[in-house]
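Structure assessment
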Amino acid sequence: MVEPLRALIFDVDGTLAETEEVHRLAFNRAFEEAGIPWSWDRTLYRALLAVSGGKERIRAYAADHDPGRTGIDALVRDVHARKTEIYTGMVREGGVPFRPGVARLIEEARAAGLILAVATTTTRANVDALLDANTGGTGHGWFATFACADDAPPKKPDPMVYRVVLERIGLPASACIALEDSPNGVAAATGAGIAVVVSTSVYTDGDDFTGAAAVFPDFGSVTLDDLRSIHTKA
Ligand SMILES: [Mg+2]
């Protein structure tokens with residue numbers, strides 16, 4: 001690829017931090033508070049992660065496991081809103097650190113003048129809570145743009161969220177690398193023409209990452225020079 005690397009685009013859940021277990025616990029607490037007899041264990045949640053987006057995940061579960069339930073639109077809206085409150089509260093308590101290498105890679109990229117962006121199916125409130133807890137609030141300014149759940153209604157594996165980022169940062173796909181942890185993320189980024197580097201997470205370890213330019217257990221030993229080299233060959 002002739003275009004030099006000019007931007008890193010980060011997924012959030014599973015990539016910046018191992019957030020999925022906190023999401024799962026927050027979903028279960030929101031169900032319990034609403035008097036809904038659903039409880040998602042780890043095995044079930046791993047399967048449910050095939051559906052990107054919290055609202056979409058609740059709706060998909062209801063359709064499969066509780067198809068007779070009425071008032072599903074209001075349930076999805078209310079339970080998801082409460083789940084977001086519970087989740088952000090848990091994250092703000094500081095229990096979800098950045099994954100290995102993430103803070104250093106961001107620092108290296110900023111020092112080199114690269115553009116940083118976020119492309120996620122999670123809500124902006126969830127991203128803000130994670131950045132507040134891990135960067136003391138300064139992290140918001142590191143990113144040129146945040147494309148979140150409301151910015152791209154068709155969720156990953158649909159490439160829309162990545163196309164939104166490219167449009168906002170004004171760069172071609174060939175100038176960027178996406179950092180992801182899931183097959184849906186790989187499909188979304190490659191669908192937008194962006195090379196993807198994967199760090200497998202607790203819920204995606206062992207998944208099929210065909211299409212990724214490189215796969216690592218985490219970014220602990222991955223440098224910006226490594227990403228430049230991967231990008232050149234992609
Ligand atoms: Mg992810």
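Each chain has its residues counted from 1, running along the sequence as written. Under the rules for a predicted model, residues below a pLDDT of 70 receive no local features and side-chain atom pairs below 80 are neither given nor counted, while totals for whole chains, interfaces and linings still include all residues. For the side-chain quantities, the full set of heavy atoms in the structure was used; hydrogens and water were omitted.

Here we take up the overall build of the protein. Within the protein one finds nine helices and six strands. Its C-alpha radius of gyration of 17 Å places the protein within 12% of the 17 Å reference for a compact globule of 234 residues. With the principal axes as the frame, the protein shows a C-alpha extent of 55 × 35 × 30 Å. Taking all 234 residues of the protein together, 52% fall into the buried category. Pairs of residues are marked as contacts when any of their non-hydrogen atoms sit within 4.5 Å. The contacts of the protein with a sequence gap of at least 6 include a subset with a gap of at least 24, amounting to 68%. Accessibility throughout is a Shrake-Rupley quantity obtained with a 1.4 Å probe, and a residue counts as covered only by protein chains that appear here. Accessible surface, the protein as shown: approximately 10000 Å² in total, 51% of it carbon and sulfur. Charge assignment: positive for Lys and Arg, negative for Asp and Glu; neither His nor the chain ends contribute. For this purpose, a charge sits on NZ of Lys, CZ of Arg, CG of Asp or CD of Glu. Taking the 23 positively charged and 32 negatively charged side chains of the protein as two groups, their mean positions are separated by 2 Å. Going along the chain from the N terminus, every DSSP run of H or I of four or more residues is numbered as a helix, and every run of E of two or more is numbered as a strand. Our radius of gyration looks at C-alpha atoms and nothing else; its globule reference is 2.2 Å times the residue count to the power 0.38. We call a residue buried when its accessible area falls under 20% of the maximum for its residue type, exposed when it is over 50%, and partly exposed in between, using a 1.4 Å probe and counting protein chains only.

Any residue with an atom within 4 Å of a point lines the site, the site being either a cavity, points on a 1 Å grid over the protein atoms alone where a 1.4 Å probe fits but cannot get out, or a pocket, an open set with protein on both sides within 12 Å along at least 5 of 7 lines. Grid points are joined across faces, edges and corners, and a volume is the space filled by probe spheres set on the points. What the largest pocket holds in volume is close to 650 Å³. What lines the largest pocket is a set of 41 residues, and nearest its centre among them are Ser52, Gly53, Arg57, Thr121 and Thr122. When residues of the lining of the largest pocket are traced back to their parent elements, those giving at least two are helix 1 (20-33), helix 3 (54-65), helix 4 (72-92), helix 6 (124-135) and helix 8 (183-191). The element best represented in the lining of the largest pocket is helix 4, accounting for five residues. By residue class, the composition of the lining of the largest pocket is nine nonpolar, 15 polar and 17 charged. Among the domains, domain 1 (7-18 + 97-233) and domain 2 (20-92) are the pair contributing at least three residues each to the lining of the largest pocket. Amino acids outside the nonpolar list (Ala, Val, Leu, Ile, Met, Phe, Trp, Tyr, Cys, Pro) and the charged list (Asp, Glu, Lys, Arg) are all regarded as polar, and Gly is one of them. Domain segmentation is taken from an automatic or database assignment of domains.

Once that is clear, we can look at the coordination of the magnesium ion. Donor selection uses N, O and S atoms within 2.8 Å of the metal (3.2 Å for Na, K and Ca). Since no water is included, sites may look incomplete. Looking at the magnesium ion, the protein donor atoms are Asp11 (OD), Asp13 (O) and Asp181 (OD), and they sit 2.1 to 2.2 Å from it. Within one chain, the residues donating to the magnesium ion are spaced in sequence as D-x1-D-x167-D. Here the residue Asp11 occupies a position in the loop between strand 1 (7-10) and helix 1, and Asp181 occupies one in the loop between strand 4 (176-180) and helix 8, the gap between them amounting to 170 residues.

Counting buried positions along strand 2 (residues 115-119) yields four of five residues, so the element is predominantly enclosed. With four bridges joining them, strand 1 and strand 2 adopt parallel strand pairing. By the bridge assignment, Ile9 is partnered in strand 2 with Ala117. Judged from the three bridges that link them, strand 2 and strand 3 (residues 145-147) form a sheet pairing that is parallel. Across the sheet, Ala119 pairs through a bridge with Ala147, a residue of strand 3. For the segment spanning strand 2, helix 6 and strand 3, crossover handedness is right-handed. Two strands are said to pair when DSSP picks up at least two bridges between them. Handedness of a crossover is defined as follows: with both strands directed away from the viewer, a clockwise route from the first strand across the helix to the second makes it right-handed.

Spanning twelve residues, helix 6 covers 16 Å between terminal C-alpha atoms, matching the ideal 16 Å at 1.5 Å per step. As for helix 6, its buried residues are in contact with helix 1, helix 4 and strand 3. Where helix 6 terminates, the next one or two residues include Gly136, which has phi positive at roughly 60°. A helix is expected to reach a length of 1.5 Å times the quantity of its residues less one.

A few words on the domain arrangement of the protein. The domains assigned to the protein are domain 1 (7-18 + 97-233) and domain 2 (20-92). Each side of the interface is counted separately: domain 1 has 21 residues, and domain 2 has 19 residues. As used here, buried area is the combined drop in accessible area, with a 1.4 Å probe, of two parts when they are placed together. Between domain 1 and domain 2 the total buried area reaches about 1600 Å² when both faces are included, carbon and sulfur atoms providing 49% of it. Area buried by domain 1 at its contact with domain 2 is led by Asp13, Asn126 and Tyr203, which between them contribute 41% of it. A carboxyl oxygen of Asp or Glu within 4 Å of a side-chain nitrogen of Lys or Arg is what we treat as a salt bridge. At the junction of domain 1 with domain 2, the criterion picks out three salt bridges. Here a polar contact is taken to be a pair of N or O atoms separated by no more than 3.5 Å, where protein atoms must pair a possible hydrogen donor with a possible acceptor and residues adjacent in sequence count only if both atoms sit in side chains. Connecting domain 1 to domain 2 are ten residue pairs in polar contact (both at pLDDT 80 or more). Among the elements that take part in the side of domain 1 that touches domain 2, helix 6 stands out by supplying seven residues, more than any other.

Turning our eyes to something else, we now look at the packing of aromatic side chains. Note on aromatic pairs: the rings of Phe, Tyr and Trp (six-membered ring only in Trp) are paired at centre separations within 6.5 Å, and the planes decide the class, stacked below 30 degrees, edge-to-face beyond 60, tilted for the rest. According to the stated counting rule, one finds eleven aromatic pairs in the structure shown. Between the aromatic rings of Phe27 and Trp40, the centroid separation amounts to 4.8 Å while the plane-to-plane angle is 45°, which identifies the pairing as tilted. On the criterion of sequence distance, the pair formed by Phe27 in helix 1 and Trp40 in the loop between helix 1 and helix 2 (42-48) is long-range, its members being 13 residues apart. When the centroid spacing of 5.2 Å and the interplanar angle of 75° are considered together, the rings of Phe31 and Trp38 count as edge-to-face.

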